[in-house]
Amino acid sequence: MLEVSNLACSRGDHRLFSGLSFTLHPGQIMQVQGENGSGKTSLLRTLCGFMSPDEGDILWRGESTRELGEDYCAEMMYLGHLNAIKDELSALENLRISSGLSGVELDEKEAVAALRRMGLKGRELLPTKVLSQGQRRRVALARMLVSKAKLWILDEPLAALDVAAVALIESLLEEHLAREGMVIFTTHQPLQVAGMDMRTLSLS
Ligand SMILES: Nc1ncnc2c1ncn2[C@@H]1O[C@H](COP(=O)(O)OP(=O)(O)OP(=O)(O)O)[C@@H](O)[C@H]1O
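Residues numbered from 1 in each chain as written. Predicted model: local features only at pLDDT ≥ 70, side-chain atom pairs only at ≥ 80, totals over all residues.

As annotated in an unreviewed UniProt entry, the chain carries the name Cytochrome c biogenesis ATP-binding export protein CcmA and comes from Ferrigenium kumadai.

Written out as structure tokens, the structure reads:
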């Protein structure tokens, strides 16, 4: 369970939000909404521990995420809106390295299978710099197929994806929630997650 209480966050002199509280239970998904610049990415990065809040507490299974440190990181997967993939490396190398850094060692067969499920058959060994924007996004999102993390924090996961890839991401979210996973995400596009308890958090 993730419990956020009285969270406040600023950028420079500008207060983005304050007094933000919510609880996310296993099997729940929450969409963070708000116009451009309202602080959605800042909130997600704060929940990951990449930014420190001005005030407030973030608890994972009842303990402070700051104190849990790597133990929290091992249970959380963050996919930012920038792909964080290395241009010179292949799709296969990118997936194996990013997965390894998050504590999941993938052998080549597993990584190839994940990339193929993401529609990247025949693109596994190419340097990612030659892939299209949507294909690069698919490489980054392939982590969703191999992650063992309970909490997924996803910033604009649908950006640059075509209809088939959006449907695949929706099904991966459904599978994750059915396994008692948790998801916090932002999107400016509609997302259909069947039969799920979709919560929303609006920043203004
Ligand atoms: N490093 C920084 N220094 C100063 N201001 C920043 C910095 N990063 C972000 N900001 C500002 O903080 C505000 C919130 O940015 P953030 O990226 O969290 O918004 P967002 O809701 O995710 O926006 P979008 O929908 O456009 O992705 C913006 O006004 C932005 O200009």
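Moving on from the model shown.
A. Representation of the nonpolar core. Counting 46 residues, the largest nonpolar core has M76, L95, L115, A142, I153 and V183 as the members making the most contacts within it. Excluding residues within four positions of it along the chain, A142 makes contact with L95, A114, L115 and M118. (Core = buried A, V, L, I, M, F, W, Y, C linked by C-beta atoms within 7 Å. Buried ≥ 20, exposed ≤ 12 C-beta atoms within 10 Å, placed from the backbone. Contact = placed C-beta atoms within 7 Å.)

B. Just the sheet that holds strand 7 (residues 151–155), in detail. What the five strands build is an open sheet, ordered 6-7-8-3-9; its pairing is parallel. Taken across any chain shown, the strands that pair with only one partner, and hence form the sheet edges, are strand 6 (76–79) and strand 9 (198–202). The sheet shows a mean angle of 15 degrees between the axes of neighbouring strands, direction not considered. Two strands pair when backbone bridges link them, and strand 3 (residues 29–33) and strand 8 (residues 182–186) are joined in this way by three bridges, in the parallel orientation. Following the sheet pairing, M30 is matched in strand 8 by I184. Against the sheet, helix 8 (residues 163–178) touches strand 3, strand 7 and strand 8, its axis set at about 145 degrees to strand 8. (Pairing = 2+ DSSP bridges. Helix = DSSP H or I, 4+ residues; strand = E, 2+ residues; numbered from the N terminus. Axes fitted to C-alpha atoms, helices over the stretch in contact; angles between N-to-C directions.)

C. Main features of the packing of helix 4 (residues 91–101) against helix 5 (residues 108–117). Two numbers describe how helix 4 lies on helix 5: the axes approach to 10 Å, and their chain directions differ by 110 degrees. One element, helix 4, and the other, helix 5, form an angle in the roughly perpendicular class. Seen along the crossing, helix 4 lies across helix 5 with a hand that is right-handed. Taking contact as the criterion, the partners of A91, L92, L95 and R96 in helix 4 are, on helix 5, E108, A111, V112, A114 and L115. (Parallel < 35°, antiparallel > 145°, perpendicular 65-115°, else oblique. Left-handed = near helix turned anticlockwise from the far one by under 90°.)

D. Quick peek at the sheet that holds strand 4 (residues 55–60). Strand order across the open sheet formed by four strands is 2-1-4-5, with antiparallel pairing between neighbours. Each edge of the open sheet is held by one strand with a lone partner, namely strand 2 (14–24) and strand 5 (63–64). The pairing of strand 4 with strand 5 spans two bridges and is classified as antiparallel. Bridge assignment links W60 to a residue of strand 5, and that residue is E63. In this fold helix 1 (residues 40–48) packs onto strand 1 (2–11), strand 2 and strand 4, with an angle of close to 125 degrees to the strand it touches most, strand 1.

E. Seen up close, the site of the ligand. Looking at the ligand, the residues that line it are R11, G12, L16, G34, N36, G37, S38, G39, K40, T41 and S42. When grouped by side-chain class, the residues that make up the shell around the ligand number one nonpolar, eight polar and two charged. (Near = placed C-beta within 6 Å. Nonpolar A, V, L, I, M, F, W, Y, C, P; charged D, E, K, R; others polar.)

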